[in-house]
Amino acid sequence: MAKVLVMGASGFLGSHVVKELVAAGRDVRIMVRASSDTRAIDHLRLERVVGGPTDAEAVAAAMAGCDAVFYCIVDTRAWLRDPAPLYATNVDGLRAVLDVALTVPLKHFVFTSTYATIGVNPAGISTENDTFNWWERAPDYVKCRVQAEDMFLEYCRDRGLPGVACCVGNTYGADDVVPTPHGKMVKDVATGQMPYYWDGGGPCVGIRDAARALLLAETRGRPGERYIVAERWLDYKELFALAASRAGISPPRRRIPMPVLYAMAAVADLVSAFTRRDNRFSIASLRCSTLLPNVDSAKARRELGWQPLPIEQSIAEAVDYYLANP
């Protein structure tokens, strides 16, 4: 079987894609930056190429001899005061990689997108058929992810890229080394550092189930299609209660009204502007946690044969990991 390339292998999802591929007996090559934290996969015997997505020579070398690419590179820092790095990585970096991919005889290109690119369906739960429709409220992080997915699907439709997009929900599980922004909230709950909850939430999925969905998309996904990868919706009250229960502590019981929370975020943004320091607590981050649609993953279950485990199991694994790795 030909070699496969994982780009973004040091990330939470990318590292689990690597593990699933290795467990399946695949010949895996990874592409990471020299500064990438690869602790989650350092125990595996992997071929490595060092470079970034805009380094065309390094990308071409990484793709050489591969018949499939799993693209897991993403900058999730929605709170940045200057959104330029988000567009540079999530849009410009992807474009550079796709241009190289068109010159390589690839059979499959699996792109990690997000459920945030799905449009809001006023009649109920959204599906892949719902086109993004809330530009005026979307923060730059969401806008750049929509632009990236639109560009990817255009390469598939008009330029022959054999690609499939996976619109992944909020991922939870073990080995969240950094951790991810949504994982950080679960970690704060589990360690007693989250005294309140607020309205909002999102479609969630276990990290291993998300990785398995990408592998299924490689061989079963229809080129040019996107697939929602999420087990079910969790609001923050339930999410925090599950995390607290696993940690053996009381869940946050104080609910902060959204107008108060937005006012607090506005003050935090002013402080960040004055100090010229980014802060994870921002209006942009808050919008990412409260405005996103609920989605239906029936297409992935039906066409890919994807069968995720209950999200409760993955949240328990996440809490166990955070408590063991404070």
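What you are looking at is a predicted structure, and each value in this text was computed from that prediction instead of being measured.

Describe the overall build of the protein chain, and please don't skip the residues or the numbers.
Counting its secondary structure elements, the protein chain contains 11 helices and 12 strands. Taken over C-alpha atoms, the radius of gyration comes to 19 Å for the protein chain, in line with the 20 Å a tight globule of 326 residues would show. Along the three orthogonal principal directions, the C-alpha set of the protein chain runs to about 55 × 45 × 40 Å. Taken across its 326 residues, the protein chain has 54% of its residues classed as buried. Nonlocal contacts in the protein chain, meaning residues at least 24 apart in sequence, comprise 77% of its contacts between residues at least 6 apart. The positive charge centre, built from 37 side chains, and the negative charge centre, built from 37, are 3 Å apart in the protein chain.

Describe the pattern of salt bridges, with residues and values.
Within this structure, the stated rule accounts for 25 salt bridges. Residue Asp320 is joined to Arg246 by a salt bridge in which the shortest nitrogen-to-oxygen separation is 2.6 Å. Residue Asp320 is found in helix α11 (residues 311-324), and its partner Arg246 is found in helix α7 (residues 236-247); the two are separated by 74 residues along the sequence. Of the residues examined, Arg246 reaches a relative accessible area of 45% and is grouped as partly exposed. One connected set of salt bridges, linked through shared partners, spans Lys3, Asp27, Arg29 and Glu47.

An account of helix α5 (residues 181-190) is requested, with residue identities and associated values reported.
Burial runs high along α5: 8 of the 10 residues are buried. Lining the buried residues of α5 we find β7 (170-172), α7 and α11. Positioned one or two residues after α5, Gly192 has a phi angle of 75°, which is positive.

So, the sheet that holds strand β4 (residues 66-71): which residues are in play, and what are the values?
Taken together, 7 strands build an open sheet; the order of strands is β3-β2-β1-β4-β5-β6-β10 and the sheet is parallel. Each end of this open sheet is capped by a strand with a single partner; those strands are β3 (47-50) and β10 (226-229). The sheet shows a mean angle of 20° between the axes of neighbouring strands, direction not considered. As paired elements, strand β1 (residues 3-7) and β4 share 5 bridges and run parallel to each other. From the neighbouring strand, Val6 faces β4, where its bridge partner is Phe70. The strands that helix α4 (residues 140-159) touches are β5 (108-114), β6 (163-168) and β10; relative to β5, the one it contacts most, it runs at about 155°.

Kindly report on the packing of α5 against α11, identifying the contributing residues and their values.
Direction vectors running N to C along α5 and α11 enclose 70°, while the axes themselves pass 9 Å from each other. Accordingly, the angle class assigned to the pair α5 and α11 is roughly perpendicular. Regarding α5 and α11, the two cross each other, and that crossing is right-handed. Two secondary-structure elements touch here, α5 through Gly183, Val186, Lys187 and Ala190 and α11 through Val319, Tyr322 and Leu323. A breakdown of the residues in the contact of α5 with α11 according to their chemical character gives 5 nonpolar, 1 polar and 1 charged.

Can you explain helix α6 (residues 207-220)? Please cite residues and give values.
One turn of an α-helix holds 3.6 residues; hence residues three or four places apart share an orientation. Here α6 is 14 residues long and its end C-alpha atoms lie 20 Å apart, about the 20 Å a rise of 1.5 Å per residue gives. Within α6, the full set of buried residues consists of Ile207, Asp209, Ala210, Ala211, Ala213, Leu214, Leu215, Ala217 and Glu218.

Talk me through the side chain of Thr38; I want residue IDs and the actual numbers.
Within the secondary structure layout, Thr38 lies in the loop between β2 (28-32) and β3. Apart from the residues lying within four places of it in its own chain, the contact partners of Thr38 are Ser10, Val32 and Arg48.

Could you give an account of the nonpolar core, with specific residues and numbers?
In terms of nonpolar packing, the biggest core is built from 51 residues, with Met7, Met63, Phe109, Val142 and Phe152 touching the most fellow members. Elements that contribute at least two residues to this core include exactly β1, α2 (56-63), β4, α3 (84-101), β5, α4 and β6. Per element, the largest residue contribution to this core is 10 residues, and it comes from α4. Discounting chain neighbours no more than four positions away, the residues touching Phe109 are Met63, Val69, Tyr71, Val97, Leu98, Ala101, Phe152, Leu161, Pro162, Gly163 and Val164. Listed in part, the 34 residues of the second largest apolar core include Leu21, Ile30, Val205 and Trp306.

Here is what the cut-offs are and how they apply
- Residues numbered from 1 in each chain as written.
- Predicted model: local features only at pLDDT ≥ 70, side-chain atom pairs only at ≥ 80, totals over all residues.
- Heavy atoms only, no water.
- Helix = DSSP H or I, 4+ residues; strand = E, 2+ residues; numbered from the N terminus.
- Rg over C-alpha atoms; globule rule 2.2 N^0.38 Å.
- Buried < 20%, exposed > 50% of the residue type's maximum accessible area, 1.4 Å probe, protein only.
- Contact = heavy atoms within 4.5 Å.
- Lys, Arg positive; Asp, Glu negative; His and termini not counted.
- Charge placed at Lys NZ, Arg CZ, Asp CG, Glu CD.
- Salt bridge = Lys/Arg side-chain N within 4 Å of Asp/Glu carboxyl O.
- Pairing = 2+ DSSP bridges.
- Axes fitted to C-alpha atoms, helices over the stretch in contact; angles between N-to-C directions.
- Parallel < 35°, antiparallel > 145°, perpendicular 65-115°, else oblique.
- Left-handed = near helix turned anticlockwise from the far one by under 90°.
- Nonpolar A, V, L, I, M, F, W, Y, C, P; charged D, E, K, R; others polar.
- Expected span 1.5 Å × (residues − 1).
- Core = buried A, V, L, I, M, F, W, Y, C linked by side-chain atoms within 4.5 Å.

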